[in-house]
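So you can see what is in the structure, the chains are spelled out below.
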Amino acid sequence: METTNTKETIRQSFLKLPDTIRDWLTSEKTTSEIINLNKKYDFTDELISVIPFLITKLVIQKIDSAEFSSQLKKQLGVDDKTASIIINEISAQIFQPIRRQLEKIGIDLNVF
């Protein structure tokens, strides 16, 4: 469970991001893509927060790309093949529009 300190750390890191990345992360399009993924894979209850939380942690650099992949698999409880498919969809549908900006702040998306 997240502590107040963890939430505050995430918030502070989020506020330090460039405006374009903050706008993208909170945009209707990004939110819609995440909702669609959750629906497609029938993630409900506590699982609906896994993808957006891991995306946020990756973008604020609290985890790296390899850890993103392993945590996604573990937290969603999916097999390697399903995790790979989901990660490819996240990369294409969510990260692709802002890939260059993410790479400029040091996020390696080549793992995906």
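Residues numbered from 1 in each chain as written. Predicted model: local features only at pLDDT ≥ 70, side-chain atom pairs only at ≥ 80, totals over all residues. Heavy atoms only, no water.

Let us now look at unusual backbone geometry. Negative phi is the rule for most residues except glycine; trans is the rule for most peptide bonds. A positive phi angle is found at D42, which is not glycine, with a value near 60°. The exposure class assigned to D42 is exposed, which follows from its relative accessible area of 62%. If you check the backbone angles, Q61 has positive phi at about 65° while not being a glycine. Tracing the backbone through its elements, the reader meets Q61 in the loop between helix 4 (50-59) and helix 5 (65-76). (Buried < 20%, exposed > 50% of the residue type's maximum accessible area, 1.4 Å probe, protein only. Helix = DSSP H or I, 4+ residues; strand = E, 2+ residues; numbered from the N terminus.)

Turning to the nonpolar core, a few remarks are in order. If you look at the biggest cluster of nonpolar residues, it comprises 31 residues, and the most contacted ones within it are W24, I51, I55, F68, L72, I90 and F95. Within the residue set of this core, elements represented by two or more residues are helix 2 (19-25), helix 3 (28-40), helix 4, helix 5 and helix 6 (80-95). (Core = buried A, V, L, I, M, F, W, Y, C linked by side-chain atoms within 4.5 Å.)

For helix 5, built from 12 residues, the straight-helix expectation of 16 Å at 1.5 Å per residue is met to within 8% by its first-to-last C-alpha distance of 16 Å. Of all the positions in helix 5, only S65, F68, S69, L72 and L76 are classed as buried. Down the axis of helix 5, the smallest arc covering the buried residues is 100°, so these residues share one side. Elements in contact with the buried residues of helix 5: helix 4 and helix 6. The N-terminus of helix 5 is capped by D64, whose side-chain oxygen sits 3.2 Å from the backbone nitrogen of A66. Positioned one or two residues after helix 5, G77 has a phi angle of 65°, which is positive. (Expected span 1.5 Å × (residues − 1). Arc of directions from axis to C-beta. Contact = heavy atoms within 4.5 Å. Polar contact = N/O pair within 3.5 Å; in protein donor to acceptor, adjacent residues only side chain to side chain.)

Turning our eyes to something else, we now look at the side chain of T56. Secondary-structure assignment places T56 in helix 4. In this view, T56 contacts I10 and L25; residues no more than four positions away in its chain are not counted.

Another aspect to go through is the packing of helix 4 against helix 6. Running from N to C, helix 4 and helix 6 point in directions that differ by 65°, and their axes come no closer than 13 Å. With respect to their mutual orientation, helix 4 and helix 6 come out roughly perpendicular. The hand of the helix 4/helix 6 crossing is right-handed. Along the contact surface, helix 4 presents I51, I55 and L58, while helix 6 presents I86, I90, I94 and F95. Class assignment for the residues of the contact of helix 4 with helix 6 results in 7 nonpolar, no polar and no charged. (Axes fitted to C-alpha atoms, helices over the stretch in contact; angles between N-to-C directions. Parallel < 35°, antiparallel > 145°, perpendicular 65-115°, else oblique. Left-handed = near helix turned anticlockwise from the far one by under 90°. Nonpolar A, V, L, I, M, F, W, Y, C, P; charged D, E, K, R; others polar.)

Geometric descriptors of this kind do not, in isolation, establish any biological role.
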